[in-house]
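Summary of the model geometry
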Amino acid sequence: MNNKLTFINIGLALVAILLAYLVFDSIRQPVAFDNARREREMQVVQNLKDIRSTQTLFKQTYNRYTADFDTLIEYIKTGELPVVNIVADPNDTTFTKTINDTVGYVKVIDSLFGRRESFDVNALRIVPFSQDAVFEMQAGFITRGGLKVAVFEAKTPYSTYLWDLDQQRVNNLRAEQEDLSKYAGLKVGSMDEPSLNGNWESL
């Protein structure tokens, strides 16, 4: 009888331990997923910010954006920006006119990334934590108010940089965004609006 009670008690103890583990694991898994997602998205967002910064300067130089990463990377490596000295026009008595004098040039890579010792320009196109996937990038023009406006968009879906995490949670995340008619991933810019915003900035 005592042996039977002992076995029952051991069994109950094991069940209690199992239930405690299941409860703990049910809490741990979503926390671990959210932490991994946040860590990865920080690096993906940084790449998208770098693409946006470079596209902005590219447009200042060529009055358009580019959809080609080779062109964008070559611009970073070899492009130069004028250094302009702005002074008041000595012949202007209204003190409203200025004279712009180009005093030199600075390389694009130094202007944008000179303080980033670990910056790898060739990795700009690669989505962090992916299997060497490349950001999707488009560029073109739309018409707004009768004017032709340059636009660009760079993006990557959740499935690209969360590919090795819990797929059910990734699917839930995607479905949640799609139900809200939002892009299921991270993106910057728009092919429909003259916007340079990143969708993480409105989250």
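Small disclaimer: the values here were computed from a predicted structure and weren't measured.

Remarks on the overall build of the protein chain
Each helix and strand in the protein chain was counted, giving 5 helices and 5 strands. Listing the helices and strands of the protein chain from first to last along the sequence gives α-α-β-β-α-β-β-α-α-β. Residues classed as buried in the protein chain amount to 33% of the 203 residues present. Looking at the protein chain as shown, the accessible area adds up to about 13,200 Å², and 53% of this sits on carbon and sulfur atoms.

Some words on the nonpolar core
Residues Leu48, Ile51 and Leu162 are the most contacted members of the largest nonpolar core, which totals 36 residues. Secondary-structure elements contributing two or more residues to this core are helix 1 (2–62), helix 2 (69–78), helix 3 (108–113), strand 4 (147–157), helix 4 (158–161), helix 5 (167–179) and strand 5 (185–189). Sort the elements by how many residues they give to this core and helix 1 lands first, with 8 residues. The contacts of Leu48, once residues within four sequence positions are left out, are Phe135, Ala154, Lys155, Leu186, Lys187, Val188 and Trp200.

Some words on helix 2
For helix 2, the full list of buried residues reads Phe69, Leu72, Ile73, Tyr75 and Ile76. One side of helix 2 holds all its buried residues, which, seen down the axis, span an arc of 155°.

Some words on the environment of Val45
Structurally, the position occupied by Val45 is in helix 1. Distance in space between the C-alpha atoms of Val45 and Gly198 is 8.4 Å, their sequence separation being 153 residues. Among residues more than four places away in sequence, those in contact with Val45 are Leu186 and Trp200.

Focus on the sheet that holds strand 3 (residues 136–144)
With respect to topology, 3 strands assemble into an open sheet ordered 3-4-5, the strand pairing being antiparallel. Two strands lie at the open edges of the sheet, namely strand 3 and strand 5, each paired on one side alone. Mean inter-strand twist for the sheet, computed between neighbouring axes without regard to direction, equals 25°. As defined by bridge partners, strand 3 adjoins strand 4 across 9 bridges and the pair is classed as antiparallel. The partner of Ile142 across the bridge, within strand 4, is Val149.

Thoughts on the pairing of strand 5
On a regular strand, each side chain points to the face opposite its neighbour's, so the side chains alternate between the two faces of the sheet. Most of strand 5 sits out of view: 4 of its 5 residues are buried. Across 5 bridges, strand 4 lies against strand 5 in antiparallel orientation. Counterpart to Glu153 in the pairing with strand 5 is Gly189.

A look at unusual backbone geometry
Positive phi, normally seen in glycine, also occurs at Asp132, with a value near 60°. For Asp132, the position within the fold is in the loop between helix 3 and strand 3.

Considerations on the environment of Arg144
On the secondary structure map, Arg144 appears in strand 3. Given a relative accessible area of 34%, Arg144 falls into the partly exposed group. For the pair Arg144 and Glu193, spaced 49 residues apart in the sequence, the C-alpha separation amounts to 8.6 Å. Each residue touching Arg144, except ones within four places of it in the same chain, is listed here: Val149, Asp192, Glu193 and Pro194.

Basis of the calculations
Residues numbered from 1 in each chain as written. Predicted model: local features only at pLDDT ≥ 70, side-chain atom pairs only at ≥ 80, totals over all residues. Heavy atoms only, no water. Helix = DSSP H or I, 4+ residues; strand = E, 2+ residues; numbered from the N terminus. Buried < 20%, exposed > 50% of the residue type's maximum accessible area, 1.4 Å probe, protein only. Areas by Shrake-Rupley, 256 points an atom, 1.4 Å probe, with all protein chains shown as cover. Core = buried A, V, L, I, M, F, W, Y, C linked by side-chain atoms within 4.5 Å. Contact = heavy atoms within 4.5 Å. Arc of directions from axis to C-beta. Pairing = 2+ DSSP bridges. Axes fitted to C-alpha atoms, helices over the stretch in contact; angles between N-to-C directions.

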